[in-house]
Amino acid sequence: MANRPRVFVARIIPDDGLEPIRAACDVEVWPNELPPQRAELLRAIEGCDGVLTLLTDRVDDEFLDHAGPGLKVVSNFAVGFDNIDVPACTRRGVAVGNPPGVLTETTADLAFALLMAAARRLPEGDRYVRGGQWRTWGPMLLLGPDVHGSTLGIVGFGRIGQAVARRARGFGMRVLYHDLSRVDESIERELGATFLPLEEVLAQADFVSLHVNLSDETRGLIDTARLRRMKPSAIVVNTSRGPVVDSMALFEALRDGVIAGAALDVTDPEPLPSDHPLLTLENCLVVPHIASASRATRGKMAAMAAANLLAGIRGERLPTPVNPEVHG
Ligand code: GLV
């Protein structure tokens, strides 16, 4: 059909998103598991009205130049949008959307799963059994800290940080948090969470869970000095963005017993090469950026990303915009 909007979708996403886009647009879907190389991406977006991006696709002036003046919308299939130069999009009147909210609980589930797995040393236990080392019940075997009754420090107390706090309450944990500002007192009361300066949260927590956006202010937030503020028994959980933690500082802290463990859903670099020093450590658990990876949530993310894309193409305000000022 003539004059259907042109759209590039940078990876195969669930049908909940692809079907409505296919029904309304001429679509090219990147068919491979690995993201398009930069040159392939720049070629694919030429002349597009809309692009559905993933967090592996960098959207900057070069991207926008290649897409051309017809580009109306970039819809990110990730709630974090540090891959997008939003001011550059806004300057050109390109709407940016993301799917906030739908992945909050699923991401909090994984943060808590990582916390528990690291505390109770589940990956080590699994390796132990598979390695044929399990010969008897051992009074001293694979001991770890209790989760219940411990102190959880949450850094970044937005939607996901608060959802982690709700889980912690069920485990009778003391919840401390830090963010740029305090949340409403009623939320603090409901979640039983206490605001403290960052250095205090780090010093008191048995578990530190990171839930900040990646920005110039949060890049390298967890560095050598801050790791040294933590207890030697502390476990760090990162489901935010890899560069929030200085990887080499974390490696040294884990190796030298400055802290006890780490559980990472996100890394820097990402993906983490299989010969990275962090992967030589027993006390570091790494999974491949799967915090939102439940079937239901990925379906909802796809539907929201499609809704943003299609609204942007029609020149309408996106249901969940990042730069709503584009549509006045
Ligand atoms: C995943 O990391 C996301 O930001 O949605």
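Residues numbered from 1 in each chain as written. Predicted model: local features only at pLDDT ≥ 70, side-chain atom pairs only at ≥ 80, totals over all residues. Heavy atoms only, no water.

### Here we look at the site of the ligand
The environment of the ligand is made up of L55, A78, V79, G80, L103, R241 and H289. At 2.7 Å from an oxygen atom of the ligand is found a main-chain nitrogen or oxygen belonging to V79. Interatomic distance of 2.6 Å between a side-chain N/O atom of H289 and an oxygen atom of the ligand. Against a free-state accessible area of 190 Å², the protein chains account for coverage of 87% of the ligand. Split into classes, the residues belonging to the shell around the ligand amount to four nonpolar, two polar and one charged. (Near = heavy atom within 4 Å. Polar contact = N/O pair within 3.5 Å; in protein donor to acceptor, adjacent residues only side chain to side chain. Areas by Shrake-Rupley, 256 points an atom, 1.4 Å probe, with all protein chains shown as cover. Nonpolar A, V, L, I, M, F, W, Y, C, P; charged D, E, K, R; others polar.)

### Observations concerning the packing of aromatic side chains
Working definition: an aromatic ring pair is given by the centre-to-centre distance plus the angle between the planes. Scanning the model with the defined rule gives three aromatic pairs in all. Taken together, a centroid distance of 4.0 Å and an interplanar angle of 15° make the contact between F157 and Y177 stacked. With F157 in the loop between β6 (151–155) and α7 (159–170) and Y177 in strand β7 (residues 174–178), the pair connects residues that are 20 residues apart, well separated along the chain. Taken together, a centroid distance of 5.4 Å and an interplanar angle of 70° make the contact between Y177 and F195 edge-to-face. (Phe/Tyr/Trp six-rings, centres within 6.5 Å; stacked < 30°, edge-to-face > 60°. Helix = DSSP H or I, 4+ residues; strand = E, 2+ residues; numbered from the N terminus.)

### Here's the deal with the domain arrangement of the protein chain
Domains assigned within the protein chain are domain 1 (6–102 + 295–327) and domain 2 (104–286). On a C-alpha basis, the centroid separation for the pair domain 1 and domain 2 is 32 Å. Taken together, the nine residues of domain 1 in the interface contact five residues of domain 2. Where domain 1 packs against domain 2, one counts one salt bridge. Linking D82 and R241 is a salt bridge whose minimum nitrogen-to-oxygen distance equals 2.9 Å. The tally of links from domain 1 across to domain 2 stands at three residue pairs in polar contact (both at pLDDT 80 or more). Considering only residue class, the side of domain 1 that touches domain 2 consists of five nonpolar, three polar and one charged. (Domains from an automatic or database assignment. Contact = heavy atoms within 4.5 Å. Salt bridge = Lys/Arg side-chain N within 4 Å of Asp/Glu carboxyl O.)

### Topic: the pairing of β6
Counting buried positions over the five residues of β6 gives five, a clear majority of the element. With burial as the criterion, each face of β6 is covered, one bearing T151, G153 and V155 and the other bearing L152 and I154. The pairing of β6 with β7 spans five bridges and is parallel. Within β7, the residue paired with V155 across the bridge is H178. The β-α-β motif built from β6, the intervening α7 and the parallel element β7 has right-handed crossover chirality. Inspection of the sheet shows β6 paired to strand β9 (residues 207–210) by four bridges, in the parallel sense. Looking at the pairing, I154 lines up with S209 of β9. (Buried < 20%, exposed > 50% of the residue type's maximum accessible area, 1.4 Å probe, protein only. Pairing = 2+ DSSP bridges. Right-handed = clockwise from strand over helix to strand, strands pointing away.)

### Observations concerning the sheet that holds strand β2 (residues 26–29)
By way of backbone hydrogen bonds, the strands of a sheet pair with one another, either parallel or antiparallel. Taken together, the five strands give an open sheet; going across it, the order is β2-β1-β3-β4-β5, and neighbouring strands pair in parallel fashion. Edge positions in the sheet fall to β2 and β5 (95–97), since each has one partner strand and no second. On average, each strand axis in the sheet is inclined to that of its neighbour by 15°, with strand direction left out of account. By the bridge criterion, three bridges tie strand β1 (residues 6–9) to strand β3 (residues 50–53) in an arrangement that is parallel. Its bridge partner lying in β3, V9 is registered against L52. (Axes fitted to C-alpha atoms, helices over the stretch in contact; angles between N-to-C directions.)

### Section: helix α12 (residues 295–313)
Between the first and last C-alpha of α12 there are 27 Å, a value that for 19 residues agrees with the 27 Å anticipated at 1.5 Å per step. Backbone geometry just after α12 places G315 at a positive phi near 80°. (Expected span 1.5 Å × (residues − 1).)

### Digging into the packing of helix α1 (residues 15–24) against α12
Running from amino to carboxyl end, α1 crosses α12 at an angle of 25°, the nearest separation of the two axes being 6 Å. Here α12 runs roughly parallel to α1, going by the angle between their axes. Across the interface between the two elements, D16, G17, P20, I21 and A24 from α1 touch G299, A302, A303, A306, L309 and L310 from α12. Of the residues belonging to the contact of α1 with α12, the class tally is eight nonpolar, two polar and one charged. (Parallel < 35°, antiparallel > 145°, perpendicular 65-115°, else oblique.)

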